[in-house]
Amino acid sequence: MEALVEVLELSVLLFLEVMGYVIVLRSLLSLLASEESKMLEFCYAVSEPVIAPVRNLLNRIPALEDSIIDFSSVVTFLFLSIIRIFLLSFL
């Protein structure tokens, strides 16, 4: 049972770390790559289910509602990083 818990902990930490890298890559590729880039499409497909709820929450803030800058990637990255640090402090 302990091995299962350890595998689950490591899986969650790995997910958080990989998702952070995908979000950073997505942000860089959105600036540098063309819209037809397969890597950009992959990054969007992987990260959008995590970023979309954050974007929906940020759109409810009146000051950010009409903003031309999408802060959801940055906020999601910070949120995932905080969760990862929090989890690492208990392991």
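Residues numbered from 1 in each chain as written. Predicted model: local features only at pLDDT ≥ 70, side-chain atom pairs only at ≥ 80, totals over all residues. Heavy atoms only, no water.

**Quick word on the overall build of the protein**
What counts is decided by this rule: By definition, any uninterrupted DSSP run of H or I lasting at least four residues is a helix, any uninterrupted run of E lasting at least two residues is a strand, and each is numbered from the N terminus. The atom set for the radius of gyration is the C-alpha atoms, and the globule formula is 2.2 Å times the number of residues raised to the power 0.38. Under the scheme applied here, a residue whose accessible area is under 20% of the maximum for its type counts as buried, over 50% as exposed, and between as partly exposed, the area being computed with a 1.4 Å probe on protein chains only. By definition in these notes, contact holds between two residues if any of their heavy atoms fall within 4.5 Å.
A tally of regular secondary structure across the protein gives 4 helices and 0 strands. In the protein, the succession of helices and strands from N to C terminus is α-α-α-α. Against the 2.2 N^0.38 benchmark of 12 Å for 91 residues, the protein shows a C-alpha radius of gyration of 15 Å, more extended than a compact globule. Along the three orthogonal principal directions, the C-alpha set of the protein runs to about 50 × 35 × 15 Å. Buried residues in the protein amount to 22% of all 91 residues. When contacts within the protein are restricted to residue pairs at least 6 apart in sequence, those whose partners lie at least 24 apart make up 53%.

**Remarks on the confidence of the model for the protein**
We apply this condition: pLDDT measures how confident the predictor is about each residue, on a scale from 0 to 100.
Put simply, the protein has an average pLDDT of 92, and 100% of its residues get 70 or more. Least confident of the elements in the protein is helix 3 (residues 62-65), whose mean pLDDT is 84; most confident is helix 2 (residues 38-58), at 95.

**Here we look at the pattern of salt bridges**
Where charged atoms of side chains with opposite charge meet at close range, the side chains can pair. Stated precisely, the cut-off is as follows: Should a side-chain nitrogen of Lys or Arg be within 4 Å of a carboxyl oxygen of Asp or Glu, the pair is scored as a salt bridge.
Under the defined criterion, the tally for this structure stands at 4 salt bridges. Close ionic contact of Glu-17 with Arg-84 constitutes a salt bridge, the shortest N to O distance being 3.0 Å. One end of the pair, Glu-17, is in helix 1 (residues 2-32); the other, Arg-84, is in helix 4 (residues 72-90), with 67 residues separating them in the sequence. Residue Glu-17 is classed as partly exposed on the basis of its relative accessible area, which comes to 32%. Arg-55 is paired through a salt bridge with Asp-70; the nearest N and O atoms lie 3.3 Å apart. Of this pair, Arg-55 sits in helix 2 while Asp-70 sits in the loop between helix 3 and helix 4, and the two are 15 residues apart along the sequence. For Asp-70, a relative accessible area of 40% corresponds to the partly exposed category. Taken together, the shared-partner salt bridges in this structure form one network comprising Arg-26, Glu-48, Arg-55 and Asp-70.

**Concerning the nonpolar core**
This is how the line gets drawn: The criterion is simple. A nonpolar core is a set of buried Ala, Val, Leu, Ile, Met, Phe, Trp, Tyr and Cys residues joined through side-chain atoms within 4.5 Å.
Grouped together as the largest cluster of nonpolar side chains are 5 residues: Leu-16, Met-19, Ile-23, Ile-51 and Leu-80. It is helix 1 that provides the largest number of residues to this core, a total of 3 residues. If sequence neighbours within four positions are ignored, Met-19 has contacts with Val-46, Ser-47, Val-50 and Leu-80.

**Let's talk about the environment of Arg-60**
Within the secondary structure layout, Arg-60 lies in the loop between helix 2 and helix 3. Classification of Arg-60 as exposed rests on a relative accessible area of 66%.

**So, the packing of aromatic side chains**
Heads up, the condition is: Aromatic rings from Phe, Tyr and Trp, with only the six-membered ring used for Trp, were paired whenever their centres fell within 6.5 Å, and each pair was classed as stacked if the ring planes differed by under 30 degrees, edge-to-face if by over 60, and tilted otherwise. Only when the NZ atom of a Lys or the CZ atom of an Arg is both within 6 Å of the ring centre and within 35 degrees of the ring normal do we say a charge sits over the ring.
Counted by the stated rule, this structure contains 1 aromatic pair. Ring centres of Phe-86 and Phe-90 lie 4.9 Å apart, and the angle between their planes is 75 degrees; on these two criteria the pair is classed as edge-to-face. Of this pair, Phe-86 and Phe-90 are both found in helix 4, 4 residues apart, which corresponds to roughly one turn of the helix. When the ring centre of Tyr-44 is taken as origin, the NZ or CZ atom of Arg-26, which lies over that ring, is 3.8 Å away.

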